[in-house]
Amino acid sequence: MGITTRQDGSSELSRRAVLRAGALLALGGATAPLTGCGLLDRDEQPPRPDPLAPLLEESLRLAGGLRAAATVHPDLATRLLPLAESHEAHAAELARLTGVTIASATPAASPSGPLPADRTAALAALRKSERAGRESAIRACADAPAERAALLGSVAAARATHLEALR
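Residues numbered from 1 in each chain as written. Predicted model: local features only at pLDDT ≥ 70, side-chain atom pairs only at ≥ 80, totals over all residues. Heavy atoms only, no water.

Draft legend 1. Local environment of the environment of Ala53. Within the secondary structure, Ala53 sits in helix 2 (residues 53-72). On the basis of relative accessibility, which here comes to 23%, the residue Ala53 falls in the partly exposed class. (Helix = DSSP H or I, 4+ residues; strand = E, 2+ residues; numbered from the N terminus. Buried < 20%, exposed > 50% of the residue type's maximum accessible area, 1.4 Å probe, protein only.)

Okay, structure coming up:
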């Protein structure tokens, strides 16, 4: 067992038992930090998408819808293009925050549906999109950690002002 008994009746650990215990301690001490950092984990799970990803995509869609409306209705361009630029600025900041790269010609920048040819109907469709966008930004702001709340509050406020600009 590794314990030796002396002639005087006392017992002591053998040199081999001491070395074995030291090796086990060293091995256990070296692998404990590895198991905590995931190096020895076999379950590789894909990273979860950032909760702000839908808000980023929505910002790009809203900007795309506004730009498309400005193309179809050039008389509205001076009203609509600053709103599109606002959405694009928010998308750029959301992309920076989430670590996503926005390509210059992203498919998400296109409007979600056909744009009405009638000016009044087009403005109504844009207001509906902005209203839905405002609500999703408010929900995201309420659910966000403190370090993200200021940006999301800004996005929600901008979308609320866009509703007024689209009247």
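So that's the structure; there's more coming.
Draft legend 2. Seen up close, the environment of Ala69. Topologically, Ala69 is positioned in helix 2. The buried category is assigned to Ala69, whose relative accessible area is 1%. Between the C-alpha atoms of Ala69 and Leu115, which are 46 residues apart in sequence, the distance is 6.9 Å. Once residues within four sequence positions are removed from consideration, Ala69 is found in contact with Leu80, Leu115 and Leu126. (Contact = heavy atoms within 4.5 Å.)

Draft legend 3. Spatial organisation of the nonpolar core. Leu55, Leu56, Leu94, Ala137 and Leu152 are the most contacted members of the largest nonpolar core, which totals 13 residues. Elements supplying a minimum of two residues to this core: helix 2, helix 3 (77-98), helix 4 (119-143) and helix 5 (146-165). Broken down by element, the residue count for this core peaks at four residues, all from helix 5. Setting aside anything within four residues of it in sequence, one finds Leu55 in contact with Leu94, Ser136, Ala137, Ala140, Leu152 and Arg159. Core analysis: the next-biggest nonpolar cluster, separate from the first, contains twelve residues, Ala77, Leu80, Leu83 and Ala84 among them. (Core = buried A, V, L, I, M, F, W, Y, C linked by side-chain atoms within 4.5 Å.)

Draft legend 4. Local environment of helix 2. Taking 1.5 Å of rise per residue, 20 residues should cover 28 Å, and helix 2 covers 29 Å from first to last C-alpha, within 8% of that figure. For helix 2, every residue scored as buried is listed here: Leu55, Leu56, Glu58, Ser59, Leu60, Leu62, Ala63, Gly64, Gly65, Leu66, Ala69 and Ala70. Buried residues in helix 2 make contact with helix 3, helix 4 and helix 5. (Expected span 1.5 Å × (residues − 1).)

Draft legend 5. Looking closely at the packing of helix 2 against helix 3. Put simply, helix 2 and helix 3 touch, their axes get as near as 8 Å, and they point 160° apart. Taken as axis vectors, helix 2 and helix 3 run roughly antiparallel relative to one another. Seen along the crossing, helix 2 lies across helix 3 with a hand that is left-handed. Grouping the amino acids of the contact of helix 2 with helix 3 by side-chain chemistry returns 16 nonpolar, four polar and three charged. (Axes fitted to C-alpha atoms, helices over the stretch in contact; angles between N-to-C directions. Parallel < 35°, antiparallel > 145°, perpendicular 65-115°, else oblique. Left-handed = near helix turned anticlockwise from the far one by under 90°. Nonpolar A, V, L, I, M, F, W, Y, C, P; charged D, E, K, R; others polar.)

Draft legend 6. Representation of the pattern of salt bridges in the model. This structure, assessed with the given rule, holds seven salt bridges. One salt bridge in this structure joins Arg67 and Glu88, with 2.6 Å as the shortest N-O distance. On the criterion of sequence distance, the pair formed by Arg67 in helix 2 and Glu88 in helix 3 is long-range, its members being 21 residues apart. (Salt bridge = Lys/Arg side-chain N within 4 Å of Asp/Glu carboxyl O.)

Draft legend 7. Fine view of the environment of Ala91. Position of Ala91 among the secondary structure elements: in helix 3. A relative accessible area of 0% places Ala91 in the buried class. Here the alpha-carbon distance between Ala91 and Glu58, two residues 33 residues apart in the chain, equals 8.5 Å. Ignoring anything within four residues of it in the chain, the contact list for Ala91 reads Leu56, Ser59, Leu60 and Ile102.

None of the figures reported here should be taken as evidence of function without further support.
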